Amino acid sequence: MTLPAECETALAQLDAWRRGTLPAEELASMQTHLDACRRCLSYKCHEDALLDRLSNAKHNCCCPDELRAAIMQIIATGSRDD
Amino acid sequence: MPDESFESSALPHLDTLYRVALRLTGEPAAAQDLVQDTMLRALRAWGSFRPGSNARAWLVTILRNQFINGWRSEKRTPVGVDVDAIPEPPDPKDPDPEGRFFSELVDDEVLHAVDGLPDEFREVLVLSDMEGLPYAEIAESLDIPVGTVKSRLFRARRILQGSLRRYAESTGLIPPKSAEES
Ligand SMILES: [Zn+2]
């Protein structure tokens with residue numbers, strides 16, 4: 001399936017829009033397109049939901065204490081070797 | 001003058017390094033070894049670090065090189081991912097047009113799908129969408145152009161959405177799309 005050119009443009013600009021780096025006039029035309037195009041709006045919703053989910057998944061995972069301790073040991077040993 | 005000791009520059013990034021290592025290696029013990037190797041190598045190379053430059057990008061580069069040189073060969077090859085079969089964007093008849101099913105998935109299911117991505121897609125997705133690194137920093141860390149970061153990220157998300165959708169359909173979270181609709 002080939003998407004219409006205006007859809008390809010809108011999808012390619014989604015990240016810039018999320019990161020707040022889309023120029024104002026492109027922002028306006030993107031919003032107009034999303035208001036009119038259910039496919040692109042649905043795509044955006046899916047991607048927003050995925051990004052939310054990925055960002056949440058990271059919060060339940062951090063460096064284990066034993067690894068942190070081992071690294072402190074590496075640094076302490078390295079400092080003494082200097 | 002800011003404190004630019006190895007300790008103060010590197011330790012704040014340990015969580016990021018561990019999470020990236022975990023997603024690259026696919027197992028906690030290997031991830032711990034990879035982070036230790038990375039920190040040891042970084043400490044030895046600290047003299048070559050340019051003060052004021054990006055310590056996180058520098059550390060991720062070392063970690064990724066360590067992974068490629070010493071770990072990737074031992075790692076499992078992702079199976080069942082056809083990178084040329086990029087799923088299409090959701091169509092207007094999608095039974096879940098807002099993608100609500102993503103929020104119903106548990107972490108393990110999401111991370112399993114991330115782990116199934118081929119290396120070059122997984123590393124970009126993890127650095128961007130899980131760790132929040134800017135494109136330019138990812139490009140620097142992976143030594144690839146920003147345009148390549150963007151195109152890999154686009155494909156990685158599409159592949160990931162496809163595999164999570166298949167999982168959601170197979171477990172009844174969403175109804176499968178009927179053949180007539182596709
Ligand atoms: Zn569109």
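Remember, predicted model here, so these are calculated numbers, not experimental data. (Residues numbered from 1 in each chain as written. Chains lettered and ligands numbered in written order. Predicted model: local features only at pLDDT ≥ 70, side-chain atom pairs only at ≥ 80, totals over all residues. Heavy atoms only, no water.)

## Regarding the overall build of chain B
Counting secondary structure elements, chain B contains nine helices and zero strands. Reading chain B from its N terminus to its C terminus gives the helix and strand order α-α-α-α-α-α-α-α-α. Taken over 182 residues, chain B has a buried fraction of 48%. Residue pairs at least 24 apart in sequence account for 73% of intrachain contacts in chain B once pairs closer than 6 positions are excluded. In the form shown here, chain B has an accessible surface area of approximately 8700 Å², with 51% of it arising from carbon and sulfur atoms. (Helix = DSSP H or I, 4+ residues; strand = E, 2+ residues; numbered from the N terminus. Buried < 20%, exposed > 50% of the residue type's maximum accessible area, 1.4 Å probe, protein only. Contact = heavy atoms within 4.5 Å. Areas by Shrake-Rupley, 256 points an atom, 1.4 Å probe, with all protein chains shown as cover.)

## Observations concerning the overall build of chain A
Scanning chain A for helices and strands turns up four helices and zero strands. For chain A, the sequential pattern of α-helices and β-strands runs α-α-α-α. For 82 residues, the compact-globule estimate of 2.2 N^0.38 gives 12 Å, and chain A exceeds it by more than 25% at 22 Å. Among the 82 residues that make up chain A, the fraction classed as buried is 40%. Considering only intrachain contacts with a sequence separation of at least 6, the fraction spanning at least 24 residues in chain A is 53%. Summed over all atoms, the accessible surface of chain A reaches about 4700 Å², with 52% contributed by carbon and sulfur. (Rg over C-alpha atoms; globule rule 2.2 N^0.38 Å.)

## Examining empty space enclosed by the protein
Scanning the model with the defined rule gives one cavity of 30 Å³ or more in all. Quantified by volume, the largest cavity comes out at close to 50 Å³. In terms of lining, the largest cavity is formed by Ala 57, Lys 58 and Cys 61 of chain A together with Arg 19, Arg 23, Leu 111, Val 126, Met 130 and Glu 131 of chain B. Looking at the lining of the largest cavity, the elements that each hand over two or more residues are α3 (38-59) of chain A together with α2 (14-25) and α7 (119-130) of chain B. (1 Å grid on protein atoms, 1.4 Å probe; cavity = no way out; pocket = protein on both sides within 12 Å on 5 of 7 lines; lining within 4 Å. Points joined across faces, edges and corners; volume = space filled by probe spheres on them.)

## Here we look at the interface of chain A and chain B
With 35 residues of chain A in contact, the opposing surface of chain B contributes 49 residues. In total, about 3800 Å² of surface goes out of reach between chain A and chain B, with carbon and sulfur atoms giving 64% of it. Of all residues in chain A, the largest losses of buried area upon contact with chain B belong to His 46, Arg 53 and Leu 54 of chain A, amounting jointly to 18% of the total for that side. Where chain A packs against chain B, one counts five salt bridges. Glu 131 of chain B is the partner of Lys 58 of chain A in a salt bridge, and the nearest nitrogen-oxygen pair spans 3.9 Å. Counting every contact that joins chain A to chain B gives 14 residue pairs in polar contact (both at pLDDT 80 or more). Mapped onto the side of chain A that touches chain B, the elements with two or more residues apiece are α1 (5-18), α3 and α4 (65-81) of chain A. Among the elements that make up the side of chain A that touches chain B, the one with the highest residue count is α3 of chain A (15 residues). (Buried area = accessible area lost by both parts, 1.4 Å probe. Salt bridge = Lys/Arg side-chain N within 4 Å of Asp/Glu carboxyl O. Polar contact = N/O pair within 3.5 Å; in protein donor to acceptor, adjacent residues only side chain to side chain.)

## Some thoughts on the confidence of the model for chain B
Interpreting fine coordinate detail is not advised for predicted regions of low pLDDT. Residue and element names in this part refer to chain B. Chain-level pLDDT for chain B is 85 on average; 83% of the residues reach the 70-or-more range. Across chain B, the element-wise mean pLDDT spans from 86 in helix α5 (residues 101-104) up to 95 in helix α3 (residues 28-44). Predicted complex, confidence summary: ipTM 0.83, pTM 0.85. (pLDDT = per-residue confidence, 0-100.)

## A look at the nonpolar core
With 60 residues, the main nonpolar core has Val 35 and Met 39 of chain B as its most contacted residues. Those residues in contact with Met 39 of chain B that lie beyond four places of it in its chain are Ile 71 of chain A together with Phe 6, Ala 10, Leu 11, Leu 14, Leu 17 and Leu 59 of chain B. In this structure, Leu 11, Leu 22, Met 30 and Cys 40 of chain A belong to the second largest nonpolar core, which totals 11 residues. (Core = buried A, V, L, I, M, F, W, Y, C linked by side-chain atoms within 4.5 Å.)

## Observations regarding the coordination of the zinc ion
Residue and element names in this part refer to chain A. Bound to the zinc ion are the protein donor atoms Cys 7 (SG), His 33 (NE2), Cys 37 (SG) and Cys 40 (SG), situated 2.1 to 2.3 Å from the metal. Counting gaps between the donor residues of the zinc ion yields the pattern C-x25-H-x3-C-x2-C. Placement of Cys 7 in helix α1 and of Cys 37 in the loop between α2 (24-36) and α3 is noted, with a sequence separation of 30 residues between them. Across the pair, exposure class does not vary: Cys 7 and Cys 37 are buried alike. (Donors = N, O, S within 2.8 Å, 3.2 Å for Na, K, Ca; no water.)

## Comments concerning the domain arrangement of chain B
Residues and elements named next belong to chain B. Domain boundaries assigned for chain B yield domain 1 (4-73) and domain 2 (83-170). Of note, the centres of domain 1 and domain 2, computed from C-alpha atoms alone, are 23 Å apart. Counting from both sides, the interface comprises 13 residues of domain 1 and, opposite them, 16 residues of domain 2. Surface buried jointly by domain 1 and domain 2 totals about 1400 Å² across both partners, of which 46% is contributed by carbon and sulfur atoms. Between Arg 64 and Glu 123 there is a salt bridge, and its shortest N-O distance comes to 2.9 Å. (Domains from an automatic or database assignment.)

## A closer look at the packing of α3 of chain A against helix α9 (residues 146-170) of chain B
In the contact formed by α3 of chain A and α9 of chain B, the axes pass within 11 Å of each other and the chain directions differ by 85 degrees. Relative to α9 of chain B, α3 of chain A is oriented roughly perpendicular. Within the contact between the two elements, α3 of chain A uses Tyr 43, His 46, Glu 47, Leu 50, Leu 51 and Leu 54 of chain A and α9 of chain B uses Phe 154, Arg 157, Arg 158, Leu 160, Gln 161, Leu 164 and Arg 165 of chain B. The class makeup of the residues in the contact of α3 of chain A with α9 of chain B is seven nonpolar, two polar and four charged. (Axes fitted to C-alpha atoms, helices over the stretch in contact; angles between N-to-C directions. Parallel < 35°, antiparallel > 145°, perpendicular 65-115°, else oblique. Nonpolar A, V, L, I, M, F, W, Y, C, P; charged D, E, K, R; others polar.)

## Thoughts on the confidence of the model for chain A
Mean pLDDT over chain A stands at 88; residues scoring 70 or higher make up 94%. The spread of mean pLDDT over the elements of chain A runs between α4 of chain A, the lowest at 87, and α2 of chain A, the highest at 92.

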